[in-house]
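What follows is the residue order along each chain.
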Amino acid sequence: MPIRVENLSYIYNAGQPMEKLALNNVSLTINDGEFLGIIGHTGSGKSTLVQHLNGLLKPSSGRVYLDDVDIHSKQISLRVVRQKVGMVFQYPEHQLFGETVFEDVAFGLKNMGVPENQLSQRVDEALAMVDLELDLKERSPFELSGGQKRRVAIAGVLAMRPKFLILDEPTAGLDPKGRDEILKQVSRLHQKRNTTIILISHNMEDMARFATRLVVLVQGKVALVGTPKEVFSQAGYLEKIGLGVPHMTRLLNELKLRGCNVSSDLYTIEDAESEIVKLLENK
Ligand code: ADP
């Protein structure tokens, strides 16, 4: 069940002095089971693009298909689209409002029409996916730590069992432990539940570690698509458009420029270490 974006353009404030072409003829297929990373400078159109994938925004021109059905056609309701394509916004905990964690996580399920007698099981399942203790259910979400609040908000989306999960900067503002936990949980969803993940992040290390494919947006257009290896091999171009490459890729690139015989298409600390050890052993 892929998502297919065809010739999508989107204009904010069309016809007004502040008119802005935010997406310019974007075409892209998001395949079942992939972990797609979306990178790009601030203002390049990442959030605008993902808000089209679950119908929050309607294309100015072009189409978005879910499983070959145009999501704005009569064949499907946006409610069903939003259940299949879950969206975790930036700082999702700002949207918590329930008196209890249970109430917050169950909110989307109730809207979806899940019967009352199934709510408890679905809420427990979602909390387990984000490693939250079930005894938090009756607590107020506002008493929890920042990382826990964010996980409650994510659980509210996961409770709907989406096939696609969009996360817009899900680790922004968290400490390293909170970041790692969220990424670990997202990666587990991808691997164990085969949830298709669409992740917006500025963290190139995370992208290199988790994404199976990357899309680079520049001024509302798709500038590059490829595996992390393919995309990060374009270090010069990425830097020109204001994006970095993983630190280890940069280190290996620098060594190569200084005449060392190393491969520069590696990006984890482990890969860089073994490459440098090899280099030292051969001296
Ligand atoms: P990114 O997520 O990559 O930072 P956005 O999709 O938020 O980029 O923004 C793309 C462009 O659209 C930017 O120029 C931004 O200023 C503009 N934009 C985003 N949201 C709005 C809005 N609600 N009204 C007007 N312009 C907007």
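Residues numbered from 1 in each chain as written. Predicted model: local features only at pLDDT ≥ 70, side-chain atom pairs only at ≥ 80, totals over all residues. Heavy atoms only, no water.

Draft legend 1. View of the environment of Gln-90. Checked against the element boundaries, Gln-90 lands in the loop between strand 6 (85–88) and helix 3 (101–112). On the basis of relative accessible area, Gln-90 is assigned to the partly exposed category, the value being 39%. Taking the C-alpha atoms as reference points, Gln-90 and Lys-184, 94 residues apart in sequence, are found 18 Å from one another. Side chain to side chain, Gln-90 and Asp-168 meet in a polar contact 3.2 Å long. (Helix = DSSP H or I, 4+ residues; strand = E, 2+ residues; numbered from the N terminus. Buried < 20%, exposed > 50% of the residue type's maximum accessible area, 1.4 Å probe, protein only. Polar contact = N/O pair within 3.5 Å; in protein donor to acceptor, adjacent residues only side chain to side chain.)

Draft legend 2. Representation of unusual backbone geometry within the structure. At Asp-67, a residue that is not glycine, the phi angle is positive and equals roughly 55 degrees. Of note, Asp-67 is situated in the loop between strand 4 (61–66) and strand 5 (69–70). Backbone geometry places Glu-169, a non-glycine residue, at a positive phi of 50 degrees. Along the chain, Glu-169 turns up in the loop between strand 7 (164–168) and helix 6 (176–193).

Draft legend 3. Representation of the site of the ligand in the model. Residues in close proximity to the ligand include Tyr-12, Asn-13, Lys-20, Ala-22, His-41, Thr-42, Gly-43, Ser-44, Gly-45, Lys-46, Ser-47 and Thr-48, which together make up its full environment. Here an oxygen atom of the ligand and a backbone polar atom of Ser-44 are 3.1 Å apart. Interatomic distance of 2.8 Å between a backbone N/O atom of Ser-47 and an oxygen atom of the ligand. Contact with the protein chains hides 63% of the accessible area of the ligand, taken as 560 Å² for the molecule alone. At the level of elements, strand 2 (20–30) and helix 1 (46–53) are the ones that each hand at least two residues to the shell around the ligand. Here the element with the most residues in the shell around the ligand is helix 1; it accounts for 3 residues. (Near = heavy atom within 4 Å. Areas by Shrake-Rupley, 256 points an atom, 1.4 Å probe, with all protein chains shown as cover.)

Draft legend 4. Structural context of helix 1. Along helix 1, 6 of the 8 residues are buried, which leaves the element largely enclosed by surrounding structure. Restricting attention to buried positions, one finds in helix 1 the residues Lys-46, Thr-48, Leu-49, Val-50, His-52 and Leu-53.

Draft legend 5. Structural context of the pattern of salt bridges. Counted under the stated rule, the structure contains 15 salt bridges. In this structure, Arg-4 engages Asp-68 in a salt bridge whose closest nitrogen and oxygen atoms are separated by 3.0 Å. Here the residue Arg-4 occupies a position in strand 1 (residues 3–12), and Asp-68 occupies one in the loop between strand 4 and strand 5, the gap between them amounting to 64 residues. Its salt-bridge partner being Arg-63, residue Asp-70 comes within 3.5 Å of it at the nearest N-O pair. Look at Asp-70 and you get buried, because its relative accessible area is 15%. (Salt bridge = Lys/Arg side-chain N within 4 Å of Asp/Glu carboxyl O.)

Draft legend 6. View of the pairing of strand 6. Burial along strand 6 is two-sided: Val-85 and Met-87 facing one way and Gly-86 and Val-88 facing the other are all buried. Here strand 6 runs beside strand 7; their pairing, made up of 4 bridges, is parallel. Residue pairing in the sheet places Val-88 in a bridge with Leu-167 of strand 7. (Pairing = 2+ DSSP bridges.)

Draft legend 7. Representation of the nonpolar core in the model. One finds Ile-39, Val-105, Leu-165, Val-216, Phe-232 and Leu-238 to be the most contacted residues of the largest nonpolar core, which totals 51 residues. Here this core takes 6 residues from helix 5 (residues 146–158), the largest share from any one element. Once residues lying within four places of it in the same chain are set aside, the contact partners of Leu-165 are Gly-86, Val-88, Val-157, Leu-158, Leu-189, Thr-195, Thr-196, Ile-197 and Ile-198. Core analysis: the second largest hydrophobic core is formed by 29 residues, Val-64, Leu-66, Ile-71 and Val-215 among them. (Core = buried A, V, L, I, M, F, W, Y, C linked by side-chain atoms within 4.5 Å. Contact = heavy atoms within 4.5 Å.)

Draft legend 8. The arrangement of the pairing of strand 8 (residues 196–200) in detail. Burial analysis of strand 8 places 5 of its 5 residues in the buried class, which makes it a mostly covered element. Residues Thr-196, Ile-198 and Ile-200 point to one face of strand 8 and Ile-197 and Leu-199 to the other, with burial holding for every one of them. Where strand 3 (residues 35–40) meets strand 8, 4 bridges bridge the pair, whose relative direction is parallel. From the neighbouring strand, Ile-38 faces strand 8, where its bridge partner is Ile-200. As judged from the 5 bridges shared by strand 7 and strand 8, these two strands associate in the parallel manner. Across the sheet, the residue bridging to Asp-168 is Ile-200, located in strand 8. Handedness of the strand 7-helix 6-strand 8 crossover: right-handed. (Right-handed = clockwise from strand over helix to strand, strands pointing away.)

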